[in-house]
Amino acid sequence: MDSILIKYTTREQREEIVRNSLGDDYDLGCGVESAGIDYQLYIDGKMELRDLNAQARCGLQVAHPEENKRGCMM
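What you see is a predicted model; the values in this text were computed from it and never measured. (Residues numbered from 1 in each chain as written. Predicted model: local features only at pLDDT ≥ 70, side-chain atom pairs only at ≥ 80, totals over all residues. Heavy atoms only, no water.)

1. Description of helix H1 (residues 11-22)
Heads up, the rule is: To qualify as a helix, a DSSP run of H or I must reach at least 4 residues; to qualify as a strand, a run of E must reach at least 2; elements of each kind are numbered from the N terminus. To estimate how far a helix should extend, the number of its residues minus one is multiplied by 1.5 Å. Classification of residues uses two cut-offs on accessible area relative to the type maximum, computed with a 1.4 Å probe and protein chains only: under 20% is buried, over 50% is exposed, and between them is partly exposed. As used here, the arc is the angular range of directions from the helix axis to the C-beta atoms.
Compared with an ideal rise of 1.5 Å per residue, which puts 12 residues at 16 Å, H1 spans 17 Å between its outermost C-alpha atoms and is within 8% of the ideal. Along H1, the positions that sit buried rather than exposed are Arg14, Ile17 and Val18. What you see down the axis of H1 is that its buried residues fit within an arc of 90 degrees, all on one side. Of the exposed residues in H1, those oriented more than 90 degrees away from the buried face are Glu12 and Asn20. With its phi angle positive at about 95 degrees, glycine 23 sits one or two positions after the end of H1.

2. A closer look at the nonpolar core
What counts here: Grouping buried Ala, Val, Leu, Ile, Met, Phe, Trp, Tyr and Cys residues that are joined through side-chain atoms within 4.5 Å yields what is termed a nonpolar core. For this analysis, residues touch if any pair of their heavy atoms sits within 4.5 Å.
One finds Ile6, Ile17, Val18, Ile37, Tyr39, Tyr42, Ile43, Leu49 and Leu52 forming the largest nonpolar core, which totals 9 residues. Those elements giving two or more residues to this core turn out to be H1, helix H2 (40-43) and helix H3 (49-63). Dropping the residues within four chain positions of it, tyrosine 42 is found in contact with Ile4, Ile6, Thr9, Arg14, Ile17, Val18, Met47, Glu48, Leu49 and Leu52.

3. Examining the environment of arginine 11
What counts here: Throughout this description, a polar contact denotes any pair of N or O atoms lying within 3.5 Å of each other; where both atoms belong to protein, one of them has to be capable of donating a hydrogen while the other can accept it, and for residues adjacent in sequence the pair is counted only when both atoms sit in side chains.
Assignment of secondary structure puts arginine 11 in helix H1. As a C-alpha pair, arginine 11 and aspartate 44 span 33 residues in sequence and 6.6 Å in three-dimensional space. Each residue touching arginine 11, except ones within four places of it in the same chain, is listed here: Gln40, Ile43 and Asp44. At 2.5 Å, the side chain of arginine 11 and the side chain of aspartate 44 are in polar contact.

4. A word on the pattern of salt bridges
Definition in use: Just to be clear on terms, a salt bridge is a Lys or Arg side-chain nitrogen sitting within 4 Å of an Asp or Glu carboxyl oxygen.
In total, this model carries 3 salt bridges according to the counting rule given. For arginine 11, the salt bridge is made with glutamate 15, and the minimal N-O distance between the two is 3.5 Å. Separated by 4 residues within a single helix, arginine 11 and glutamate 15 lie in helix H1, roughly one turn from each other. Judged by relative accessible area, arginine 11 falls into the partly exposed class, the value being 36%. Taking the relative accessible area as the measure of exposure, glutamate 15 reaches 23% and is therefore partly exposed. Note that arginine 11 and aspartate 44 form a salt bridge whose closest N and O atoms lie 2.5 Å from each other. Separated by 33 residues along the polypeptide, arginine 11 in helix H1 and aspartate 44 in the loop between H2 and H3 bring together distant segments of the chain. In this structure aspartate 44 comes out as partly exposed when scored by relative accessible area, which is 32%. Salt bridges sharing partners connect three or more residues here, namely Arg11, Glu15 and Asp44.

Put into structure tokens, the structure is as follows:
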């Protein structure tokens, strides 16, 4: 697979991408990883991984501004 973009992957491939990235402990039925990222949105084809990760970075920066090295890129 050359790309992980939604338009180039099937739902099954996206499930596999998430499972391989997070390990076998990840429950695909839940959709939310411990960092608060709802990977089900990617699996369902509603939001790209890069956008989910950007939102998570933004949330962390808002919650812990003293630890921010870079501004929010949203």
